[in-house]
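This is what each chain is made of:
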Amino acid sequence: MIEERQVVCGNCGQINRLPAGRLASGARCGSCHQQLFSGRPIEVDEQGFDRHVAHSDIPLLVDVWAPWCGPCRAMAPMFERAAKELEPDVRLLKFNSDAAPSTSSRLRITGIPTLLLMRGGREISRRSGATDTWNIVAWARAGLAGS
Ligand code: ZN
C-alpha cells in the first residue's frame, strides 16, 4: 500500500493527497496548479489556520506575530529562510494574532512572537521571543525528533 500524505495548498486551500515520496519533487496543487511548497511561509487567517491544523499530515511550524511588534518584524526574514530549510518536511505558517483574537486566546498566546510546533492537530512544543534561522530550524527538528 502506498503511504499518502494530506497537504493543504497554501494558495487555494485545496486538500491534496500525495504519495509520501512525492512531497519533495515540486508537487503541484490538483486544483490551482501552484506549487504546494514554495519555500515561503503561508499567511493564514483563523479559518486557514484551522484548515491546516485539521487536514495537514505534515507537521506545522506557526509564527504567531502582529504588525506592531518590532521583534516579530525582525524575525520575519529568519522565519522565511527557515521555510527553505524545513520544507517539505514541515509546513510553515504565519498567523497575525491581532486579526485572529479568538484563535490566539484558544492557543493561550500570552506574548509574541511565539512559535508553535504542531503535529496531528496537537501542539508538541512552543517557544517565545525572536530568534534566528539556525535556532528556529534546530528547535523544530529537535521538537519533532523528540515527539
Ligand atoms: Zn491550490
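Residues numbered from 1 in each chain as written. Predicted model: local features only at pLDDT ≥ 70, side-chain atom pairs only at ≥ 80, totals over all residues. Heavy atoms only, no water.

> Mind showing me how you'd approach the coordination of the zinc ion here?
Reference geometry at the metal: tetrahedral coordination by four donors gives ideal angles of 109.5 degrees; octahedral coordination by six donors gives 90 or 180 degrees. Within the protein, the atoms that donate to the zinc ion are Cys-9 (SG), Cys-12 (SG), Cys-29 (SG) and Cys-32 (SG), at distances of 2.3 Å. Binding-site remark: the zinc ion is held by donors from one chain whose sequence spacing is C-x2-C-x16-C-x2-C. Linking Cys-9 in the loop between strand E1 (4-8) and strand E2 (15-19) with Cys-29 in the loop between E2 and strand E3 (42-44), this pair joins segments that are 20 residues apart in sequence. Cys-9 sits in the buried class, given a relative accessible area of 2%. (Donors = N, O, S within 2.8 Å, 3.2 Å for Na, K, Ca; no water. Helix = DSSP H or I, 4+ residues; strand = E, 2+ residues; numbered from the N terminus. Buried < 20%, exposed > 50% of the residue type's maximum accessible area, 1.4 Å probe, protein only.)

> Looking at this structure, how should I read the state of the cysteines?
What is meant by a disulfide is a covalent connection between two cysteines, made through their sulfur atoms. On inspection of all chains with the given rule, the structure shows one disulfide. Here Cys-69 engages in a disulfide with Cys-72; their sulfurs sit 2.3 Å apart. As the torsion about the S-S bond is roughly 80 degrees, the Cys-69-Cys-72 disulfide counts as right-handed. Of the two residues examined, Cys-69 and Cys-72, each falls in the buried class. (Disulfide = S-S within 2.5 Å.)

> Which parts of the structure should I look at to understand helix H2 (residues 70-86)?
Given 3.6 residues per helical turn, the α-helix brings residues three or four places apart onto the same face. Relative to the 24 Å expected for 17 residues at 1.5 Å per residue, H2 spans 24 Å between its end C-alpha atoms, a close match to the ideal helical length. For H2, the full list of buried residues reads Cys-72, Met-75, Phe-79, Ala-82, Ala-83 and Leu-86. Elements in contact with the buried residues of H2: strand E4 (60-65), strand E5 (91-96), strand E6 (114-119) and helix H4 (133-145). (Expected span 1.5 Å × (residues − 1). Contact = heavy atoms within 4.5 Å.)

> Sorry, what's going on with the pattern of salt bridges here?
Side chains that differ in sign of charge can pair as their charged atoms come close. Per the stated rule, a full pass over the model turns up seven salt bridges. Salt-bridge contacts for Glu-3 lead to Arg-5; the nearest nitrogen and oxygen are separated by 2.7 Å. Since its relative accessible area comes to 24%, Arg-5 is described here as partly exposed. Note that Arg-40 is salt-bridged to Glu-80, the shortest N-O span being 3.3 Å. On the criterion of sequence distance, the pair formed by Arg-40 in the loop between E2 and E3 and Glu-80 in helix H2 is long-range, its members being 40 residues apart. For Glu-80, a relative accessible area of 27% puts it in the partly exposed group. (Salt bridge = Lys/Arg side-chain N within 4 Å of Asp/Glu carboxyl O.)

> Where do I start with the packing of aromatic side chains in this structure?
The description of an aromatic ring pair uses the distance of the two centres, along with the angle that the planes make with each other. Under the counting rule described, the total for this entry stands at one aromatic pair. Aromatic pair Phe-49 and Phe-95: ring centres 5.0 Å apart, planes at 45 degrees, arrangement tilted. Of this pair, Phe-49 sits in helix H1 (residues 46-55) while Phe-95 sits in strand E5; the two residues are 46 residues apart in sequence, bridging distant segments of the chain. Comparing Phe-49 with Phe-95 shows no difference in burial state: the two are buried. Looking at Lys-94, its charged tip hangs above the ring of Trp-65, at a distance of 4.7 Å from the centre. (Phe/Tyr/Trp six-rings, centres within 6.5 Å; stacked < 30°, edge-to-face > 60°. Lys NZ or Arg CZ within 6 Å of the ring centre and 35° of its normal.)

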